[in-house]
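So you can see what is in the structure, the chains are spelled out below.
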Amino acid sequence: MLLAPSLQSLPAVSGSTPLARPVDYLRISVTDRCNERCLYCLPEHFQAWMPRDEILTYEEILAIVEVAVERGFKHFRVTGGEPLLRRDICYFLRELVRTPGVESVQLSTNGTRLLELAEALHAGGLRRLNVSLDALDPERYRAITHGDVAPVLAGLRHVKTLGFSSIKLNTVLIRHKNEQEIWPLIEFAASLQIPIRFIELMPVSLTEMLTEENFLPVSEVMALLAKTDKLIPLEEKMGHGPAKYYRLKKTGAVVGFIGALTNLHFCESCNKVRLTSDGQLRPCLGHHGEFDLKPALRPVVDKAELRVRLDQALAEKPPEHEFRNNWQPQRIMTAIGG
């Protein structure tokens, strides 16, 4: 299926250049498994999980991190699939936080296991969480994720009491699925005094999702909010990603927007690469190019070879994603990492 007509009309390239973008942010997928099946991420009947022996060990990932730190990486995000499903994940996060040169570690999660694991995560030194929340209404949440929102909300309220320094909510916008949830989600985030980010739908797993009917641009959401409240741009940068943040004057809520499709300058400041759970280094989510790190890890870790492969991936990081160019996913999002 082709990209929605209104998106096809946008320029494919914004004129960005890779030389202007220092890359210091690595997103690490530790599993392709997930206990939810979000419409935009995991096809409903997908069962082609990676074989267990293809998944990197924690020791292999930490070896990659050590080399990445040598090359100037400072910021790390752990993703999945759902990372809290992997055995001994709290041990891995503790070791990652303790690695010399690592300045920040964030965890992206659907929140379904936060209630049971929050104390162990905090005790291990984790202080930054991003939690997916696409709806508050249980029926709408289930229609999008095929999951139960109750444990997510309970987990969020619990982690708020533990002293995490950064908690953010992520909401993927899907027209006719969660427009009615925008204000309730903002009010919920404001009640917990945490930011919420609205993210445009991307063709990361199924091109069928990115249709004119489903696509809801962040500009439309901003216009909706502006009818009721005033959006005040925030000067300070919150985190290490591409979101642009505003404070709502009346409610005090902090709202971020990630417009990967409609923001023609989206890629110009991109500072990240992704490590898949099976050891592929992916310089851009919206490009199919990957660099296999496994030959530098097995049968033994070869840090010199890891440096060579990491440097090659960085040198070939493209200036722009290809989501507007009739993009056809080859790997599902849970296999790439969030």
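Since the model is a prediction, treat every value here as computed from it, not as a measurement.

Brief notes about the overall build of the protein
So, step 1. Helix and strand content of the protein: 10 helices and 12 strands.
So, step 2. In the protein, the proportion of contacts linking residues at least 24 apart, taken out of those at least 6 apart, comes to 74%.
So, step 3. Summed over its atoms, the accessible surface of the protein is roughly 14,400 Å², and 53% of this surface lies on carbon and sulfur atoms.

Some words on the packing of helix α7 (residues 182-192) against helix α8 (residues 218-226)
So, step 1. Between α7 and α8, whose axes approach to 11 Å, the crossing angle comes to 75°. It follows that α7 is roughly perpendicular to α8 by the angle criterion. Contacts from I182, W183 and I186 in α7 reach V221, L224 and L225 in α8.
So, step 2. For the contact of α7 with α8, a count of residues per class yields six nonpolar, no polar and no charged.

Here's the deal with the pairing of strand β1 (residues 25-29)
So, step 1. Taken across its five residues, β1 has five buried, putting it largely inside the fold.
So, step 2. Burial of the side chains of β1 extends over both faces: Y25, R27 and S29 are buried on one face and L26 and I28 on the other.
So, step 3. By the bridge criterion, five bridges tie β1 to strand β2 (residues 75-79) in an arrangement that is parallel. Directly across from L26, in β2, lies its bridge partner F76.

A closer look at the sheet that holds strand β9 (residues 254-258)
So, step 1. Pairing is mixed in the open sheet, where 12 strands are placed in the order β7-β8-β9-β6-β5-β4-β3-β2-β1-β10-β11-β12. Two strands lie at the open edges of the sheet, namely β7 (231-233) and β12 (291-292), each paired on one side alone.
So, step 2. Of the strand pairs in this sheet, strand β5 (residues 166-172) and strand β6 (residues 196-199) are connected by four bridges, and their pairing is parallel. What sits directly across from V172, in β6, is I199.
So, step 3. Packing of α8 onto the sheet brings it into contact with β6, β7, β8 (244-248) and β9, and relative to β9 it is tilted by some 155°.

Points about the state of the cysteines
Here a disulfide denotes one covalent bond, and it connects the sulfur atoms of two cysteines.
So, step 1. Per the stated rule, a full pass over the model turns up zero disulfides.
So, step 2. Summary of cysteine pairing: C34 is not part of a disulfide, and the nearest cysteine sulfur, belonging to C38, is at 6.3 Å.
So, step 3. On the basis of relative accessible area, C38 is assigned to the buried category, the value being 13%.

A few points about the confidence of the model for the protein
So, step 1. For the protein, per-residue confidence averages 85 on the pLDDT scale, and residues scoring 70 or more make up 79% of the total.
So, step 2. Highest mean pLDDT in the protein belongs to helix α3 (residues 89-98) (98); lowest belongs to helix α1 (residues 5-8) (42).
So, step 3. Every residue in residues 1-20 scores below 50 in pLDDT, and together they form 43 contacts with partners more than four places removed in sequence or on other chains.

Concerning helix α9 (residues 303-315)
So, step 1. When the terminal C-alpha atoms of α9 are compared, their 18 Å separation across 13 residues agrees well with the 18 Å that a helix rising 1.5 Å per residue should span.
So, step 2. Listed in full, the buried residues belonging to α9 are L306, L310 and A313. End-on, the buried residues of α9 take up no more than an arc of 60°, which puts them together on one face.
So, step 3. Between the side-chain oxygen at the start of α9 and the backbone nitrogen of A304 there is a gap of 3.2 Å, and the oxygen is on D302.

With respect to unusual backbone geometry
So, step 1. Here the bond from G80 into G81 is cis, since omega is 10°, no more than 30 degrees from zero.
So, step 2. Looking at the secondary structure, you find G81 in the loop between β2 and α3.
So, step 3. Of note, the amide linkage connecting R298 to P299 takes the cis form, showing an omega dihedral of 10°.
So, step 4. The topology assignment puts P299 in the loop between β12 and α9.
So, step 5. We note that D88 has phi near 60°; this positive angle belongs to a residue other than glycine.
So, step 6. With phi around 60°, H146 is a residue other than glycine that occupies positive phi space.
So, step 7. Here H146 lies in the loop between α5 (138-145) and α6 (150-160).

Quick look at the packing of helix α2 (residues 58-70) against α9
So, step 1. Their axes nearest at 10 Å, the elements α2 and α9 cross at an angle of 60°. Classified by the angle their axes make, α2 and α9 are oblique. Here α2 and α9 pass one another in a crossing that is right-handed. Along the contact surface, α2 presents A63, I64, E66, V67, A68 and E70, while α9 presents K303, L306, R307 and L310.
So, step 2. Residue composition of the contact of α2 with α9, by class: six nonpolar, no polar and four charged.

The rules behind these values
- Residues numbered from 1 in each chain as written.
- Predicted model: local features only at pLDDT ≥ 70, side-chain atom pairs only at ≥ 80, totals over all residues.
- Heavy atoms only, no water.
- Helix = DSSP H or I, 4+ residues; strand = E, 2+ residues; numbered from the N terminus.
- Contact = heavy atoms within 4.5 Å.
- Areas by Shrake-Rupley, 256 points an atom, 1.4 Å probe, with all protein chains shown as cover.
- Axes fitted to C-alpha atoms, helices over the stretch in contact; angles between N-to-C directions.
- Parallel < 35°, antiparallel > 145°, perpendicular 65-115°, else oblique.
- Nonpolar A, V, L, I, M, F, W, Y, C, P; charged D, E, K, R; others polar.
- Buried < 20%, exposed > 50% of the residue type's maximum accessible area, 1.4 Å probe, protein only.
- Pairing = 2+ DSSP bridges.
- Disulfide = S-S within 2.5 Å.
- pLDDT = per-residue confidence, 0-100.
- Expected span 1.5 Å × (residues − 1).
- Arc of directions from axis to C-beta.
- Polar contact = N/O pair within 3.5 Å; in protein donor to acceptor, adjacent residues only side chain to side chain.
- Left-handed = near helix turned anticlockwise from the far one by under 90°.

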